[in-house]
Amino acid sequence: ELKDMGSSVDALARALTLKDEGNAFFKSKDYAVAVEKYSEAVKILKESDADPDAVILCNRAAAYIMLERYVPALRDAQLACELRPTWWQAHWRQGVALLRLTPKKFRSKAAVAAFETCAECEDLPENKQEEVLVELRKAKARLERQEAETPMPEQCTPS
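Residues numbered from 1 in each chain as written. Predicted model: local features only at pLDDT ≥ 70, side-chain atom pairs only at ≥ 80, totals over all residues. Heavy atoms only, no water.

(A) Structural detail: the environment of Asp49. Within the fold, Asp49 resides in the loop between α2 (31-47) and α3 (54-66). In this structure Asp49 comes out as exposed when scored by relative accessible area, which is 71%. On a C-alpha basis, the gap between Asp49 and Ser7 in space is 9.8 Å, while along the polypeptide they are 42 residues apart. (Helix = DSSP H or I, 4+ residues; strand = E, 2+ residues; numbered from the N terminus. Buried < 20%, exposed > 50% of the residue type's maximum accessible area, 1.4 Å probe, protein only.)

(B) Focus on the packing of aromatic side chains. For the structure on display, the rule yields two aromatic pairs. Summarising the aromatic geometry, the rings of Phe26 and Tyr31 are spaced 4.9 Å apart at their centres and angled 70° between planes, so their arrangement reads as edge-to-face. The partly exposed category is assigned to Phe26, whose relative accessible area is 24%. Over the ring of Trp87 we find Arg84, and its NZ or CZ is 4.2 Å from the ring centre. (Phe/Tyr/Trp six-rings, centres within 6.5 Å; stacked < 30°, edge-to-face > 60°. Lys NZ or Arg CZ within 6 Å of the ring centre and 35° of its normal.)

(C) Spotlight on the pattern of salt bridges. On inspection of all chains with the given rule, the structure shows eight salt bridges. Here Lys43 and Glu47 are joined by a salt bridge, their closest N and O atoms 3.8 Å apart. Of this pair, Lys43 and Glu47 both sit in helix α2, four residues apart, which is roughly one turn of that helix. Given the relative accessible area of 59%, Glu47 is considered exposed. The partner of Arg75 in a salt bridge is Asp76, and the shortest N-O contact between them spans 3.7 Å. Here Asp76 falls in the buried class, since its relative accessible area comes to 0%. Salt bridges linked by common partners bring Arg60, Arg75 and Asp76 together as one network. (Salt bridge = Lys/Arg side-chain N within 4 Å of Asp/Glu carboxyl O.)

(D) The packing of α3 against helix α5 (residues 88-100), seen in detail. Look at α3 against α5: their axes get within 10 Å of each other, and the N-to-C directions meet at 25°. Viewed along their axes, α3 and α5 adopt a mutual orientation that is roughly parallel. Remark: the crossing between α3 and α5 carries left-handed chirality. From α3, Cys58, Asn59, Ala61, Ala62 and Ile65 reach across to α5, where they touch Gln89, Ala90, Arg93, Val96 and Ala97. Class assignment for the residues of the contact of α3 with α5 results in seven nonpolar, two polar and one charged. (Axes fitted to C-alpha atoms, helices over the stretch in contact; angles between N-to-C directions. Parallel < 35°, antiparallel > 145°, perpendicular 65-115°, else oblique. Left-handed = near helix turned anticlockwise from the far one by under 90°. Contact = heavy atoms within 4.5 Å. Nonpolar A, V, L, I, M, F, W, Y, C, P; charged D, E, K, R; others polar.)

(E) Representation of the nonpolar core in the model. Core analysis: the largest hydrophobic core is formed by 42 residues, its most contacted members being Trp88, Trp92 and Phe115. When contributions to this core are tallied by element, the ones reaching two or more residues are α1 (2-27), α2, α3, α4 (70-83), α5, α6 (105-120) and α7 (126-149). Discounting residues that sit within four places of it in the chain, Trp92 has contacts with Phe115, Cys118, Glu131, Val132 and Glu135. (Core = buried A, V, L, I, M, F, W, Y, C linked by side-chain atoms within 4.5 Å.)

(F) Quick peek at unusual backbone geometry. The backbone of Asp49 shows a phi angle near 60°, a positive value even though the residue is not glycine. Positive phi outside glycine occurs at Glu68, with the angle close to 60°. As for its position among the elements, Glu68 is in the loop between α3 and α4. Note on Glu68: relative accessible area 59%, which makes it exposed.

(G) Local environment of the side chain of Asn59. Its location among the elements puts Asn59 in helix α3. When its relative accessible area of 15% is taken as the criterion, Asn59 is described as buried. Each residue touching Asn59, except ones within four places of it in the same chain, is listed here: Lys19, Asn23, Tyr38 and Arg93.

(H) Region of the structure containing α2. Here α2 is 17 residues long and its end C-alpha atoms lie 24 Å apart, about the 24 Å a rise of 1.5 Å per residue gives. Among all positions of α2, only Tyr31, Ala34, Val35, Lys37, Tyr38, Ala41, Ile44 and Leu45 are buried. One or two positions beyond α2, positive phi appears at Asp49, with a value near 60°. (Expected span 1.5 Å × (residues − 1).)

Structure, rendered in structure tokens:
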């Protein structure tokens, strides 16, 4: 039992080192290598049965966004939201990824919800509040356009 505990502590330490390396590559704008480092960290935690780390997932989402890989970015942001439901950055990255994917009404609705949740997070820094509201307005405007453009099915139109 203690041996298992030690290995998960080791795994966490290795994962955090990889996270730090990923952060350094992210800062130097080497997003592909940052994704590799974050992915290694996620894999180590998974293999050691340690809990997933919301920060590592959220950082990887940011790197994926910079690489314009919005589907994996969205997946990581959603997982981070599940792990830390009140963390503004996870909701922010989810909204950003949703708005950059092919515009679909369900994505616009989800982006509005993500930015609304983000705006309500207690840890949202004051200097980010306006940016969140700007993106929320964009998401709402896109949703309104999409709803206006969607024709009524023939069987629903008045005759």
